[in-house]
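# Examination of the molecular architecture
Given next are the chains, with one letter for each unit.
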Amino acid sequence: MKKLLLILIVLVASVTLTRAKQFKVKGILTDSATAKPVEFATVALLQNGKILHGTTTDTNGAFEFEKVTHGRYAIQASLIGYATRNTGKFDVKSKDVDLGNIPLAAFVQNLNEVTVSEQKALFEERSDRMVYNAEKDISIRGGDATDVLKKIPSVAVDIEGNVQLRGSGNIKVLINGKPSSVVARSVSDALKQIPADIIKQVEVITSPSAKYDAEGTAGIINIITKKNSLKGTNGSVSPNFGQWNNWPNASINHRDKGISLSANGGFSNWRNKRMMSQIRSFSEADTLSLQDQEQWVKGNGKNFYGTVNADWDVDSLNRIGAGVNYYNGRNTNGFDITFEETRQGIVSEYFRRDMSRTYDWSGATFNLDYTRLFKKPKKELNLLMMYSFEGEDSDYWANVHNRREQIFYREKSYNINNNKEATFQLDFTNPLDSISTLEMGAKSILRQILSDYRIASAQDGSTNFVDMPDLANVFDYNQQVAAAYVVYSRTPKKNWGINLGARYEHTFIRANFLNGTRPFSNDYGNFIPSLSLSRSLPKNQQIRLSYSQRIQRPQFYYLNPYVNQSDSKNQYGGNPYLSPELTHSAEANYSISIGQTSINASFFLRKTKNAIESISSVDSSGVLKQIFQNVAENSAYGVNLSANAKIIKQWTVNGSLNLFYNVLESAELKTRNADWMYRINLNSTVDFGKGYKAQLFGFYNSPRVNLQGRYGGFGFYNIVFQKEVLKKKGTIGVGYDNPFNRTISWRNDFVGPNFVQVQDVAMYRRGWRINLKYEFGKMNGAPRQKKRISNDDKKAGEGNN
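In this text, all values refer to a predicted model and were calculated from it rather than measured experimentally.

Scanning the protein from N- to C-terminus turns up five helices and 47 strands. For the protein, long-range pairs separated by at least 24 residues make up 66% of all intrachain contacts whose partners lie at least 6 apart in sequence. When the accessible surface of the protein is split by element, carbon and sulfur atoms take 57% of a total near 35800 Å².

Strand order across the open sheet formed by three strands is S4-S1-S8, with mixed pairing between neighbours. Each edge of the open sheet carries a strand with a single partner, namely strand S4 (62–68) and strand S8 (97–104). Here the average twist between neighbouring strands, direction ignored, is 20°.

So, about the environment of Arg 129. Within the fold, Arg 129 resides in the loop between strand S9 (123–125) and strand S10 (130–132). Note: C-alpha distance between Arg 129 and Val 204 (75 residues apart in sequence) is 5.5 Å.

This brings us to the side chain of Asp 313. Residue position: Asp 313 is located in strand S21 (residues 287–313). Note on Asp 313: relative accessible area 6%, which makes it buried. Looking at Asp 313, its side chain comes within polar contact range of the side chain of Arg 255, at 3.4 Å.

Taken together, the side chains of Phe 241, Leu 696, Ile 719, Phe 721, Ile 732, Val 734, Tyr 736, Trp 768 and Ile 770 define a hydrophobic patch exposed on the protein surface, amounting to about 780 Å² of accessible area. Broken down by element, the nonpolar patch gets its largest block of residues, three residues, from strand S43 (residues 730–737). Here Val 734 is to be found in strand S43. Residue classification places Val 734 among the partly exposed residues on the basis of a relative accessible area of 46%.

The next point concerns unusual backbone geometry. Even without being glycine, Gln 344 reaches a positive phi, approximately 55°. Tracing the chain through its elements places Gln 344 in the loop between strand S22 (318–343) and strand S23 (346–373). Judged by its relative accessible area of 67%, Gln 344 falls in the exposed class.

This next bit is on the nonpolar core. The biggest cluster of nonpolar side chains holds 28 residues, and the ones touching the most others in it are Leu 149, Ile 152, Val 155, Val 163, Ile 199, Val 202 and Ile 221. Not counting residues up to four positions away in its chain, the partners in contact with Val 155 are Leu 149, Val 163, Gln 164, Leu 165, Val 204, Ile 221 and Arg 679. Counting 20 residues, the second largest nonpolar core, distinct from the first, contains Ala 41, Ile 75, Phe 90 and Ile 102.

Structurally, Ser 289 can be placed in strand S21. Within the local environment of Ser 289, its side chain forms a polar contact with the side chain of Arg 343, the two groups lying 3.0 Å apart. Setting aside its immediate chain neighbours within four residues, Ser 289 contacts Arg 280, Ser 281, Phe 282, Glu 341, Thr 342 and Arg 343.

The next point concerns the confidence of the model for the protein. When the pLDDT values of the protein are averaged, the result is 84; 87% of them are 70 or greater. Taken element by element, the predicted model of the protein shows its lowest mean pLDDT in helix H1 (residues 2–20) (46) and its highest in strand S45 (residues 755–764) (96). Long-range and interchain partners of residues 781–789, a stretch whose pLDDT sits below 50, account for 50 contacts in this model, where long-range means more than four residues apart. Confidence drops under a pLDDT of 50 for residues 796–801, and excluding neighbours within four residues, the segment shows 30 contacts in the predicted structure.

Okay, the pattern of salt bridges next. Scanning the model with the defined rule gives 24 salt bridges in all. Between Glu 439 and Lys 211 there is a salt bridge, with the nearest N and O atoms lying 3.6 Å from each other. Here the residue Glu 439 occupies a position in strand S26 (residues 436–458), and Lys 211 occupies one in the loop between strand S14 (199–205) and strand S15 (219–225), the gap between them amounting to 228 residues. With a shortest N-O distance of 3.1 Å, Arg 769 and Asp 737 are connected by a salt bridge. You can see Arg 769 sitting in strand S46 (residues 767–780) and its partner Asp 737 sitting in strand S43, a full 32 residues away along the chain. Each member of the pair, Arg 769 together with Asp 737, is buried.

Let us now look at the pairing of S45. Residues in a regular strand project their side chains so that they alternate between the two faces of the sheet. With seven of its ten residues buried, S45 lies for the most part within the structure. In the sheet, strand S20 (residues 259–284) pairs with S45 via nine bridges, with the strands oriented antiparallel. Across the sheet, residue Phe 282 finds its bridge partner in S45, namely Phe 755. In the sheet, strand S44 (residues 743–752) pairs with S45 via ten bridges, with the strands oriented antiparallel. Residue pairing across strands places Gly 752 opposite Phe 755, the latter belonging to S45. Connecting S44 to the antiparallel partner S45 that follows it, the hairpin turn spans two residues.

In total, this model carries 22 aromatic pairs according to the counting rule given. When the ring of Phe 475 is compared with that of Phe 513, the centres are 5.2 Å apart and the planes differ by 25°; the resulting orientation is stacked. Taken together, the residues span a long stretch of sequence, with Phe 475 in strand S28 (residues 473–490) and Phe 513 in strand S29 (residues 497–513) at a distance of 38 residues. Judged by its relative accessible area of 0%, Phe 475 falls in the buried class. With a relative accessible area of 13%, Phe 513 lands in the buried category. Cluster of aromatic residues (ring-pair linked, three or more members): Phe 475, Tyr 477, Phe 513, Phe 520 and Tyr 577. Taking NZ or CZ as reference, Arg 679 lies 4.3 Å from the ring centre of Phe 699, over its face.

Moving on to the pairing of strand S37 (residues 651–666). Sheet topology note: the strand S36 (residues 624–648)/S37 ladder contains 15 bridges and is antiparallel. Looking at the pairing, Ala 643 lines up with Gly 655 of S37. Where S36 folds back on S37, the antiparallel hairpin that results is connected by two residues. Where S37 meets strand S38 (residues 671–689), 16 bridges bridge the pair, whose relative direction is antiparallel. Across the sheet, the residue bridging to Phe 660 is Met 677, located in S38. Taking the residues that link successive antiparallel strands as the turn, the S37-S38 hairpin has four residues, and the phi of Lys 670 there is positive, at about 55°.

Positionally, Thr 583 belongs in strand S34 (residues 581–594). The exposure class of Thr 583 is buried, given its relative accessible area of 0%. A distance of 2.7 Å separates the side chain of Thr 583 from the side chain of Thr 608, its partner in a polar contact.

Now for the environment of Ser 260. If you trace the backbone, Ser 260 turns up in strand S20. Counting along the chain gives 52 residues from Ser 260 to Trp 312, while the straight-line C-alpha distance between them is 6.5 Å.

What counts, and where the lines are drawn
Residues numbered from 1 in each chain as written. Predicted model: local features only at pLDDT ≥ 70, side-chain atom pairs only at ≥ 80, totals over all residues. Heavy atoms only, no water. Helix = DSSP H or I, 4+ residues; strand = E, 2+ residues; numbered from the N terminus. Contact = heavy atoms within 4.5 Å. Areas by Shrake-Rupley, 256 points an atom, 1.4 Å probe, with all protein chains shown as cover. Pairing = 2+ DSSP bridges. Axes fitted to C-alpha atoms, helices over the stretch in contact; angles between N-to-C directions. Buried < 20%, exposed > 50% of the residue type's maximum accessible area, 1.4 Å probe, protein only. Polar contact = N/O pair within 3.5 Å; in protein donor to acceptor, adjacent residues only side chain to side chain. Patch = residues over 30% accessible without salt bridge, like charges linked within 9 Å, V, L, I, M, F, W, Y side chains within 5 Å. Salt bridge = Lys/Arg side-chain N within 4 Å of Asp/Glu carboxyl O. Core = buried A, V, L, I, M, F, W, Y, C linked by side-chain atoms within 4.5 Å. pLDDT = per-residue confidence, 0-100. Phe/Tyr/Trp six-rings, centres within 6.5 Å; stacked < 30°, edge-to-face > 60°. Lys NZ or Arg CZ within 6 Å of the ring centre and 35° of its normal.

So, in structure tokens, the structure goes:
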């Protein structure tokens, strides 16, 4: 009996020890087409369909799980560019398990020359953003980034290149997820410097979560440039020519053995021409005066834009990245202004002003990034640092003639600006389980703006200029922003998903003037909540509800106190005492896919307090001055409808309607302005086969209101034909803009306490373009993702015209 009991004890102990013993499971992921190792893929160990452990493959494609107990398991492997692979079940019993080579099938096939990948729709609706795949659009080639943004539903670009999202210009434009000092200075000038040929995608985020900077009250536009994140070398050369713009550009990319290098750049040589007729009546001391001004403008500019990036995968868990973006430009506009003023029917003033205005700038942005991955899938730590600087010289000279064409007055001015910005950002992402994630982070931004401006005049028309010290100053502005955030997200397949976040930002401002103007300081904090609910419905339907609060800090364009007097009767300047705007926004989004047709509807509400508006006033001498002020409360309610449909296999149509009601009110100025506004967008592409394609694009922007009047509506359309050549390595495109209209014309109306003004503007925009492109190189494998800095926190300026 004792022997039997002893045997039972030994058997039970041996079974227990066997079951408690831990083993290893290992294997190697390989490309099914090339048999080469697949590095940095995500590998999960599954049991009963649940993830127990996760890891990533090393540079040899190998993975290994330790401390695996007795049981039945399976492996799941995934990587962007490859189909997710689930192995069959296997048993772990009494020894380590070597699964050997596990092949992954790639979406991208390795060709001897250029890669061919799966086709994407021109527009994609994702859970938190709309994506425009610009690289698929042939009509933008040979243009710049403004031509790209014109194609996007809910985005409006006026003829000067100024951008609005759902009727608001309070947006943040990022380039590859990062800010750029050229964008902070002027959005429209920045967009004109970026060639359309190097843009891969544009993301529009109308309800950003708390992990994004709190600025950009209307949303975020992220421009993603083309970059080879696959193994191999490739590039392109695009010599593009047009009646109004020449845009040659090129790119080259290389990635091998964990090191990725990329560079792209372009040079723009543009021209413009426009005419404006302006009539303004104003009253002073019961005297009514009438001003009639005609203005012809001819401009030209040369801009360069280039980037270089390097990424090093130190090992499967550590990655370092660095990059530099350099740009410069010089834009000059020549003005021929004829002005006449009458009072009580008698001519009281006449002159012809011959004037030239130049903006000359250059700047660079440097970034250094470190990413630490963990064996747990999707868990990562990111440290990002960025430094940028920019210098800008803006100047003008003017000769004023009488009726006998004699010069009786001369004037010149310069404004030297220097902007510096440094950013430090730390982000941590931790998946709590297969459907829940916790994100948190902190960020610090340091900014300095320096503006030195001078004006001199020669009252007798000679060349003996005398400084005007009352109109000169030096402005030194420093801003610091400290922020922290936490976001919880849960995305179950069948129930409601949630994204709940909170962010706190504290702003410190110090400003000084050289000429004795009172210095000032301001400190304020903002708590920024965000909430988004989403759910997938049967039959390819999705619904999303979101709320976010945003702030909008004024940036240099709005703050610079320099008053531009190049047009002596129409002057404008910034206001260093501006406060930030605060916006509440809510959105309901519904999307459905039916066969090869997708439909999206977004209903939105946006309310802004302390809104910054350009306020015009006319003084006793008939000079109109535009100065930015915090005097308004703005509201917008509307709907955005968009649809993508493949009518037949060769014919695709994309269209959108953005309709909203905009209300602007100012208790301080005792004024209110409101009206419906809309934008219609239509894009049609026909593939004739054998490399021949044609595309027709057009849009119309309705008139839009501002606090003191309205800007006129206008339309634009073009047609492009393209042919693939050289075994699909090259393309030749020919396009024509506005073939049936020589100019784009519109009327602006403004009303103030003592004036009424009407402007008729005609911009010459009919013109041809020839787009050439040649692609070279080869690549294979799959990309690895990286995180970027996003200083989406400033209200940027409009264009320099």
